[in-house]
Amino acid sequence: MKLYLIRHGQTDWNVAGKIQGSTDIPLNDTGRRQAACLAKGMESRPVKKVFTSTLSRAYETGLAIGESQNVPVEKIEGLEEVGYGVWEGMTMDEIREKYPRELELWYNSPVDVAPPQGEKQSQVYERCGRALETILAQAGGDAAVVSHGATVVFLLEYLLRDNPRDEEDIIVGNASISTIDYDPEKKRFTLTQMNDRTHLEE
């Protein structure tokens, strides 16, 4: 079984460098083109079902795959982007200026410290785990999972928790595909491709 972990297409806030988090920002024109290219790129990766975050930018991206492959698209609670609370809609420069102390605390201990009115990393990890267990129970075969930049990293960390890797910063681009192979007998997940965006090349 394969899981294709996908980040949504571009939004205006991505371009502006604003923190989106749980704010429901739609795809922009480039993002919609990326979703169409992504659907084309997924033709060689047929799936039984597409699961997406409840946020519109992820759902619209997933819908392009579902319509291309004529498979169901289902929103799953728990796949949403990290909640950044009052920082949402701000750039990092603005956050550094207005919330320097809170930002320092969060950088030093993101697992246990949340942005003001936001989520701790431990909370995100837990909800990602619940969402993935639901997906594995319902997928019925290979599946696409469309989520968000930070959340895809948490999904990868959850799936690969028994397969340690070197510490490194993971960054996945808009409309990227990261592929996980799952052996249900051994209950083992293996990362076989990270951040593939070749389908976006002109």
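Use the structure listed above.
Residues numbered from 1 in each chain as written. Predicted model: local features only at pLDDT ≥ 70, side-chain atom pairs only at ≥ 80, totals over all residues. Heavy atoms only, no water.

1. With respect to unusual backbone geometry
Leave glycine aside and you will find that most residues have negative phi; peptide bonds, for their part, are mostly trans.
Part 1 of the argument: Backbone geometry places Lys187, a non-glycine residue, at a positive phi of 50°.
Part 2 of the argument: Counting through the fold element by element, Lys187 comes out in the loop between strand 5 (177-183) and strand 6 (188-196).
Part 3 of the argument: Exposure remark for Lys187: the relative accessible area of 64% places this residue in the exposed category.
Part 4 of the argument: For Asn195, which is not a glycine, the phi torsion comes out positive at approximately 55°.
Part 5 of the argument: Within the secondary structure, Asn195 sits in strand 6.
Part 6 of the argument: According to the relative accessible area criterion, Asn195 is partly exposed, its value standing at 25%. (Helix = DSSP H or I, 4+ residues; strand = E, 2+ residues; numbered from the N terminus. Buried < 20%, exposed > 50% of the residue type's maximum accessible area, 1.4 Å probe, protein only.)

2. Quick look at the packing of helix 6 (residues 121-138) against helix 7 (residues 149-159)
Part 1 of the argument: Between helix 6 and helix 7, the shortest axis-to-axis distance is 9 Å and the interhelical angle comes to 70°. The pairing of helix 6 with helix 7 is recorded here as roughly perpendicular in orientation. Relative to helix 7, the crossing made by helix 6 is right-handed. For the pair helix 6 and helix 7, contact is made by Gln121, Val124, Tyr125, Cys128, Gly129, Leu132 and Glu133 and by Thr151, Phe154, Leu155, Glu157, Tyr158 and Leu159, respectively.
Part 2 of the argument: In terms of residue class, the contact of helix 6 with helix 7 is made up of eight nonpolar, three polar and two charged. (Axes fitted to C-alpha atoms, helices over the stretch in contact; angles between N-to-C directions. Parallel < 35°, antiparallel > 145°, perpendicular 65-115°, else oblique. Left-handed = near helix turned anticlockwise from the far one by under 90°. Contact = heavy atoms within 4.5 Å. Nonpolar A, V, L, I, M, F, W, Y, C, P; charged D, E, K, R; others polar.)

3. Comments concerning the sheet that holds strand 1 (residues 2-7)
Part 1 of the argument: Taken in spatial order, the six strands line up as 3-2-4-1-5-6 in an open sheet, and their pairing is mixed. Of all the strands in the sheet, the pair left with one neighbour each is strand 3 (73-75) and strand 6. If you compare each strand with its neighbour and ignore which way they point, the axes differ by 20° on average.
Part 2 of the argument: Of the strand pairs in this sheet, strand 5 and strand 6 are connected by six bridges, and their pairing is antiparallel. Within strand 6, the residue paired with Asp183 across the bridge is Arg188. (Pairing = 2+ DSSP bridges.)

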